[in-house]
Amino acid sequence: MSITRDVRRRNLLTRRIRLFAALTISYNLVEAAVALWAGSEADSAALLGFGLDSLIEVASAVALSWQFAAKDPERREHLTLRIIAVSFFALAAFVAFDAAGALIGGDRAEHSTPGLVIAALSLAIMPLLSWLQRRAGQELGSLTAVADSKQTLLCTYLSAVLLIGLLLNSSPGWWWADSVAALAIAAIAVREGINAWRGDTCCTVPAVPDGPAAAAEEACCEGCRKP
């Protein structure tokens, strides 16, 4: 009976992860469209970087869906982690290049109301989605599900950075704030890319309450502490 319950629980968690990946894909496609359009209209490096990150989150979620569509998802875990890591590095390279060019050239981004709205929405939606996916991934013991949840959590950080950058660019007129925000986005992406490449996706997020998920996280942390 215990084995049957374990199998049922794993199947339920797998379905949840696939559902969260589908929700991530759907929202980020809308987010990317709005951010890229608003970024091109306002000539904002930060908004363009945010939109590209949304597309990379879609790629990461698609890779996760591909992994969990297999009968044995663990066999695809290593490759999926590599895909997630490379997506972070690609984002960082593009955004850093674009932002540095804007700073050197003294390019000023225009005010963007759609950009402010999409950043605020993401700041409200993404933390919950990331938390739900991380809980399921930790209980299942899936490094890729946790890594993808960090992609989603990264969107929260980026939303905050973007919102601050856009507000400073619009209100005090600090034209460089947009590019500085974009460079911060790139730096965060590099860090998360390195963690994903190493498979170091635990012990870097807030602790979870006691229970199966907490036990799974502690086991993961013990593995991370080993040399």
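Residues numbered from 1 in each chain as written. Predicted model: local features only at pLDDT ≥ 70, side-chain atom pairs only at ≥ 80, totals over all residues. Heavy atoms only, no water.

Student: What is the right way to read the overall build of the protein chain from this model?
Tutor: Of the regular secondary structure elements, the protein chain holds seven helices and zero strands. Listing the helices and strands of the protein chain from first to last along the sequence gives α-α-α-α-α-α-α. Every one of the 227 residues in the protein chain was classed for burial, and the buried ones make up 47%. Roughly 10,900 Å² of accessible area belongs to the protein chain as shown, and the carbon and sulfur atoms make up 66% of that amount. (Helix = DSSP H or I, 4+ residues; strand = E, 2+ residues; numbered from the N terminus. Buried < 20%, exposed > 50% of the residue type's maximum accessible area, 1.4 Å probe, protein only. Areas by Shrake-Rupley, 256 points an atom, 1.4 Å probe, with all protein chains shown as cover.)

Student: Sorry, what's going on with the layout of surface pockets here?
Tutor: When its volume is computed, the largest pocket comes out at roughly 180 Å³. It is helix 1 (residues 2–42) that provides the largest number of residues to the lining of the largest pocket, a total of five residues. Taken together, the residues of the lining of the largest pocket break down into four nonpolar, two polar and five charged. (1 Å grid on protein atoms, 1.4 Å probe; cavity = no way out; pocket = protein on both sides within 12 Å on 5 of 7 lines; lining within 4 Å. Points joined across faces, edges and corners; volume = space filled by probe spheres on them. Nonpolar A, V, L, I, M, F, W, Y, C, P; charged D, E, K, R; others polar.)

Student: It is not clear to me how the nonpolar core should be interpreted in this structure. Could you clarify?
Tutor: Soluble globular proteins: nonpolar side chains tend toward being buried together. Grouped together as the largest cluster of nonpolar side chains are 47 residues, with contacts concentrated most on I17, L47, F50, L64, L158, L162 and A182. Elements with a contribution of two residues or more to this core: helix 1, helix 2 (45–68), helix 3 (77–105), helix 4 (113–140), helix 5 (143–170) and helix 6 (177–198). Considering every element that reaches this core, the biggest residue donor is helix 2, with nine residues. Here L158 is in contact with F50, D53, I185 and I188, once residues within four sequence places are set aside. (Core = buried A, V, L, I, M, F, W, Y, C linked by side-chain atoms within 4.5 Å. Contact = heavy atoms within 4.5 Å.)

Student: So what exactly am I meant to see when it comes to the packing of aromatic side chains here?
Tutor: Here the distance between the centres and the angle between the planes together describe a pair of aromatic rings. One pass over the structure, following the stated rule, counts zero aromatic pairs. Lying across the ring of W197, R82 places its NZ or CZ 3.9 Å from the centre. (Phe/Tyr/Trp six-rings, centres within 6.5 Å; stacked < 30°, edge-to-face > 60°. Lys NZ or Arg CZ within 6 Å of the ring centre and 35° of its normal.)

Student: I tried to follow helix 6 on my own but got confused; where do I start?
Tutor: Since one α-helical turn is 3.6 residues long, residues separated by three or four positions face the same way. Between the first and last C-alpha of helix 6 there are 32 Å, a value that for 22 residues agrees with the 32 Å anticipated at 1.5 Å per step. Downstream of helix 6 by one or two residues, G199 has phi in the positive range, about 80°. (Expected span 1.5 Å × (residues − 1).)

Student: Explain the packing of helix 4 against helix 5 here, please?
Tutor: For any two helices packed against each other, the geometry comes down to the angle between their axes and how far apart the axes lie. In contact at an axis separation of 8 Å, helix 4 and helix 5 are set at 160° when each is read in the N-to-C sense. Classified by the angle their axes make, helix 4 and helix 5 are roughly antiparallel. In this structure, helix 4 crosses over helix 5, and the sense of that crossing is left-handed. For the contact of helix 4 with helix 5, the class distribution of residues is 16 nonpolar, ten polar and two charged. (Axes fitted to C-alpha atoms, helices over the stretch in contact; angles between N-to-C directions. Parallel < 35°, antiparallel > 145°, perpendicular 65-115°, else oblique. Left-handed = near helix turned anticlockwise from the far one by under 90°.)

Student: Would you take a moment to explain the side chain of S87 for this structure?
Tutor: Relative to the helices and strands, S87 is located in helix 3. Residue S87 is classed as buried on the basis of its relative accessible area of 11%. Filtering out sequence-adjacent residues up to four positions away, S87 remains in contact with I56 and Q151.

Student: Help me out: how do you make sense of unusual backbone geometry in this one?
Tutor: Glycine aside, residues mostly have negative phi angles, and peptide bonds mostly take the trans form. Within the chain, D43 stands out as a residue other than glycine whose phi angle is a positive 55°. Here D43 shows up in the loop between helix 1 and helix 2. Overall, D43 belongs to the partly exposed group, its relative accessible area being 48%.

Student: Help me understand the side chain of S44 in this model?
Tutor: Structurally, S44 can be placed in the loop between helix 1 and helix 2. Those residues in contact with S44, other than ones at most four positions away along the chain, are G39, A109, L166 and D178.

Student: What is the right way to look at the environment of T80 in this model?
Tutor: Here T80 is to be found in helix 3. Owing to a relative accessible area of 0%, T80 belongs among the buried residues under this scheme.

Student: Would you explain the packing of helix 2 against helix 5 in this entry?
Tutor: Where helix 2 meets helix 5, the axes come as close as 10 Å, and the angle between the chain directions of the two elements is 170°. Here helix 2 lies roughly antiparallel to helix 5, going by the angle between them. Here A46, L47, F50, D53, I56, E57, S60, A61, L64, Q67 and F68 of helix 2 come into contact with helix 5, specifically with T144, A145, D148, Q151, T152, L154, C155, L158, S159, L162 and L166. Classifying every residue of the contact of helix 2 with helix 5 gives 13 nonpolar, six polar and three charged.

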